[in-house]
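Residues per chain are reported as follows:
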Amino acid sequence: MSNEKITHIENFLPTDIQDNIENLMTDSSVFSWFLYSRTAGDSVDSDNVIDTSQLVHQFLKDGKQNSDYLKDTFSVAEYLEKKINIKIDAWDRVKGNCLFPYHNYTKDNHHPIHQDISKEDNYYTFLYYVNDSDGDTRFFNKNNFNEPIFKYTPKKGTGVLFPSKTWHSSSNPMHSDYRMVINYVFKSEELLI
């Protein structure tokens, strides 16, 4: 399924790899999370925005390894390259995010709308969903930040691929215990979506 330049990708990753990633990221005896007070840096506000804190694990930051568990997440990228037949030329970041239910949050609320990279061409974001959860990812047209053009509800083992300049926002779950994603931001000269 796709909408403009947003592509939803299913059935690309074996179940055992999906389970290994979720088991790693939920194992408090080995995996460290860090509290961030916001979900996005530079952003725009619109109707229904409520920002919350989130837990973050930086696997790779500014193109450099930042975690001993980076290799555990690269299998997602390798299978993605095979599924859509592209080559990843350079990495910007690989970051895990974990959100929890938040008081007074409704199905209409979401976090600040942002771009992962605003000034570069040929950069793409792949949001990999680690677990089944509510807490939609919303995508917006720059001419209307009040009505999303596309929404995706997290489903374990799936992902959404889009140009990193695309305006989007996450949202807290209301019914699930947590919402966990891995955000891959990379450069590819071959990918034209």
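Here, every reference points to the structure presented above.
Draft legend 1. How the structure looks around unusual backbone geometry. Even without glycine at this site, Asn11 takes up a positive phi of about 50 degrees. Its location among the elements puts Asn11 in the loop between strand S2 (6-9) and helix H1 (15-25). Judged by its relative accessible area of 70%, Asn11 falls in the exposed class.

Draft legend 2. Representation of the pattern of salt bridges in the model. Counting across every chain of the model gives 11 salt bridges. In this structure, the salt-bridge partner of Arg38 is Asp51, at a minimum N-O distance of 3.1 Å. Note that Arg38 is positioned in the loop between strand S3 (34-36) and strand S4 (54-61) and Asp51 in the loop between S3 and S4, a separation of 13 residues in sequence. Since its relative accessible area comes to 24%, Asp51 is described here as partly exposed. Linking Asp72 and Lys71 is a salt bridge whose minimum nitrogen-to-oxygen distance equals 3.6 Å.

Draft legend 3. How the structure looks around the sheet that holds strand S11 (residues 167-169). Taken in spatial order, the 3 strands make up an open sheet running S9-S8-S11, and their pairing is antiparallel. Whereas interior strands pair on both sides, the edge strands pair on one side only; in this sheet they are strand S9 (150-152) and S11. Averaged over all adjacent pairs, the angle separating strand axes in this sheet is 20 degrees, with direction ignored. Judged from the 3 bridges that link them, strand S8 (residues 137-140) and S11 form a sheet pairing that is antiparallel. From the neighbouring strand, Arg138 faces S11, where its bridge partner is Ser169.

Draft legend 4. The side chain of Ser164, seen in detail. Relative to the helices and strands, Ser164 resides in the loop between strand S10 (159-163) and S11. By relative accessible area, Ser164 is classed as buried at 0%. With sequence-adjacent residues up to four places away left out, Ser164 is seen in contact with Gln115, Asp116, Ile117, Tyr123, Tyr124, Thr125 and Val185.

Reading guide: rules and limits
- Residue indices begin from 1 for each chain and proceed along its sequence in written order.
- Restriction of local features to residues with pLDDT of at least 70 applies here, the model being predicted, together with a cutoff of 80 or more for giving and counting side-chain atom pairs; totals for whole chains, interfaces and linings are based on all residues.
- Side-chain figures throughout are based on the complete set of non-hydrogen atoms in the structure, without hydrogens or water.
- Under the DSSP-based scheme used, a helix requires at least four consecutive residues in state H or I and a strand at least two consecutive residues in state E, with every element numbered from the N terminus.
- For every residue, the accessible area obtained with a 1.4 Å probe (protein chains only) is divided by the maximum for its type, and the residue is called buried under 20%, exposed over 50%, and partly exposed between those limits.
- Only one rule defines a salt bridge in this text: a Lys or Arg side-chain nitrogen within 4 Å of an Asp or Glu carboxyl oxygen.
- Note: two strands are recorded as paired if DSSP finds a minimum of 2 bridges between them.
- In this description, a line fitted to the C-alpha atoms serves as the axis of each element, helices being fitted only across the stretch in contact, and the angle between N-to-C directions of two axes falls anywhere from 0 to 180 degrees.
- Contacts are assigned to residue pairs that have any heavy atoms within 4.5 Å of one another.

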